[in-house]
Amino acid sequence: MKSRLFLKNGEIQIIETDIKEYNWGFTARIPKETIVDVEYVDFMYDYFTANVGEQGYFVTNAGAEGTNLTRFTDREDAELVAELSYVACYGFSRGADAILGIATTLRCDFTTVLGVKDGRYYTYFRYFMDGDIPYEDIEVEYHFLKESDYSAMARVYREYMLTRKGCVPLKERCAADKRLAKAADSIEVRVRQGWKPAPSPVEYQTPETEPEMHVACTFDRVGDIAEEFKRQGIGDAEFCLVGWNSKGHDGRFPQIFPVEPLLGGEERLKELIEKVNDLEYGIVCHDDATAAYTIADCFDEEYLLKNKDGSLYKRPYCWSGGRPHKICPKRQYEKFEVPNQKKIAELGFEGIHYIDVITILAVLKCYDPKHPLNRGESAQWYKKIMELSRKNFGGFASESGYDFAAESMDYCMYADFRIGSENNCSLCDEKIPFWHMIYHGIVLYNPSTATLNYMAKEDKKRLKCIELGGRPLVCYYANFTQNNNWMGKEDFLCDTDEQLVDSVAKIKVMAQDFDLLKPERYEFIQEHHKLQDNVYETVYSNGTRVIVDYNKVTFDIIR
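Residues numbered from 1 in each chain as written. Predicted model: local features only at pLDDT ≥ 70, side-chain atom pairs only at ≥ 80, totals over all residues. Heavy atoms only, no water.

Caption draft 1: Examining the sheet that holds strand S28 (residues 525–532) more closely. Reading across from one edge, S28-S29-S30-S31 is the order of the four strands in this open sheet, with antiparallel pairing throughout. Where the open sheet ends on each side, the last strands, each with one partner, are S28 and strand S31 (554–558). Each strand axis lies, on average, 15 degrees off the axis of its neighbour in the sheet, ignoring direction. In the sheet, S28 pairs with strand S29 (residues 535–540) via six bridges, with the strands oriented antiparallel. (Pairing = 2+ DSSP bridges. Helix = DSSP H or I, 4+ residues; strand = E, 2+ residues; numbered from the N terminus. Axes fitted to C-alpha atoms, helices over the stretch in contact; angles between N-to-C directions.)

Next comes the structure, spelled out in structure tokens:
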């Protein structure tokens, strides 16, 4: 087995990897001492190649876009290099058997390359060194599987995450924390209350140039939603307030307080929390632990993440608060997270606390000499933030499913951006629910952006949530951006009482759907099969089978 080292001077060096065999397969390793002044390493295994026309397929992950199943059909040359791999493995079904490769080190420092050239398919891990000395050896485990399908691959990787990476089944965590248990029984209802234009017309805002905040839903109106839930007989729900903080959604992070006066201020918020609790629902809030806007009253370059040349890292877009800089994870925990979470908890929030984007964006290095971090250290500081959320509120949630954090995560707002037939990759023959198979019974999730607000969408979106055992996600005022409605054009509104009553009637169906598979909520998904075109079967570890027929738009639960 050979690997290519791409040196900083543009040269390529070929090196042999160290091999150690086991009864399940082998490990391949490159000692970190041999990786000097390297831009990136292509960790290549000849067995992960196939000629056009061969049986089988590759299973590769393309970040938030989902997991690709790639068959070896005749197609034009192409290559995909994802920003990062959300699941730290890749698979090769060879017709009669399979191989699963698991990145056991540098799990935040690599992506997966997938391509076809001159009739030959290939896939491999690419590790980004950036000219720095790596903090760990590169090591990949290769497991030989007697079964050849992606279900078997998912089971092996899930076992790795349970036994080697500290994941604990949801059932055990709920038994240990009643706050999490209550949330796990509840659908998630996000209410976007207020926001400034996104993207912002003002890149670097000041109090004089800051755009006005649009008020969509005050604290009193959220109380009306909760009361209508109770009136229509919805049993369990967890409300998540989005934009409750100063100047609304992404208004002035890392500044949170004061609670936004235009929504009713802190006293009205406390009254809302008490009302929701009296109605026996849960209530949490949306926060952020990465973005820093110049409009914040606490903005300071000291705590920002620095690039290798000493410059400030800036995200390549503007959002509601303007151009977001990125906060060093260590300084976020030390300077903001500990005091902010304490103040937020004192307001009365309890449940699965939501902190935005941590598990959807690449983990970065910080080159500030006062708080330097490699990617592994950055990940550890983010996990400290997650575990603090669990301690203070009962659980942690974020936007997607980047699995460096799987052992510290309780809910994923959408596991994939696209799934099923929503295919935007020339090398992808089918999107498969690989992440969902791995983490069902460990992490609660809404399957994808397509299944958010599914009762306002076509019936097939509802079937997808049922097929994949998702936790239904409702979002009032999902469409708040100027030109990027990634959660779908459909929306739930409560501007009028008629809209409120109608939306809650639809949400009640989502809550009833969630209860259809209540025992299976705590089980693993053992199998997922395509029975025929547009007909799929999901098999749980307790034996329950769910068959979803997209042709007839029906589903069947067989116990």
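Caption draft 2: Up close: the sheet that holds strand S22 (residues 351–356). The sheet built from eight strands is open, its strands ordered S26-S24-S23-S22-S19-S18-S15-S27 with parallel pairing. Bordering the open sheet on either side are strand S26 (444–445) and strand S27 (473–476), each of which pairs with just one other strand. Sheet analysis places strand S19 (residues 282–288) next to S22, joined by three bridges and oriented parallel. Bridging across to S22, aspartate 288 finds its partner in aspartate 356. Packed on one face of the sheet, helix H5 (residues 265–278) meets strand S18 (237–242) and S19 and runs near 135 degrees to S19. (Contact = heavy atoms within 4.5 Å.)

Caption draft 3: Structural view of helix H7 (residues 375–393). Taking 1.5 Å per residue, 19 residues should reach 27 Å; H7 reaches 27 Å between its end C-alpha atoms and fits that length. Where H7 begins, the side chain of asparagine 374 points an oxygen toward the backbone nitrogen of glycine 376, at a separation of 3.0 Å. The first or second residue beyond H7 is glycine 394, which carries a positive phi of 120 degrees. (Expected span 1.5 Å × (residues − 1). Polar contact = N/O pair within 3.5 Å; in protein donor to acceptor, adjacent residues only side chain to side chain.)

Caption draft 4: Looking closely at the nonpolar core. Counting 174 residues, the largest nonpolar core has Tyr127, Tyr157, Phe229, Phe239, Trp244 and Tyr476 as its most contacted members. Core analysis: the second largest hydrophobic core is formed by six residues, Ala292, Tyr303, Ile327 and Phe336 among them. (Core = buried A, V, L, I, M, F, W, Y, C linked by side-chain atoms within 4.5 Å. Buried < 20%, exposed > 50% of the residue type's maximum accessible area, 1.4 Å probe, protein only.)

Caption draft 5: Region of the structure containing the environment of leucine 100. By the secondary structure assignment, leucine 100 is in strand S11 (residues 98–103). As for leucine 100 and glutamate 141, which are separated by 41 residues in sequence, their C-alpha atoms are 8.0 Å apart.

Caption draft 6: Focus on the pattern of salt bridges. The full count for this structure, using the stated rule, is 49 salt bridges. The closest approach of N and O atoms between arginine 155 and glutamate 527, which form a salt bridge, is 2.9 Å. Of this pair, arginine 155 sits in helix H1 (residues 150–164) while glutamate 527 sits in strand S28, and the two are 372 residues apart along the sequence. Accessibility expressed as a relative area gives 18% for arginine 155, which makes it buried. Taken together, the shared-partner salt bridges connect Asp109, Asp130, Asp132, Lys308, Lys365 and Arg375 into one network. (Salt bridge = Lys/Arg side-chain N within 4 Å of Asp/Glu carboxyl O.)

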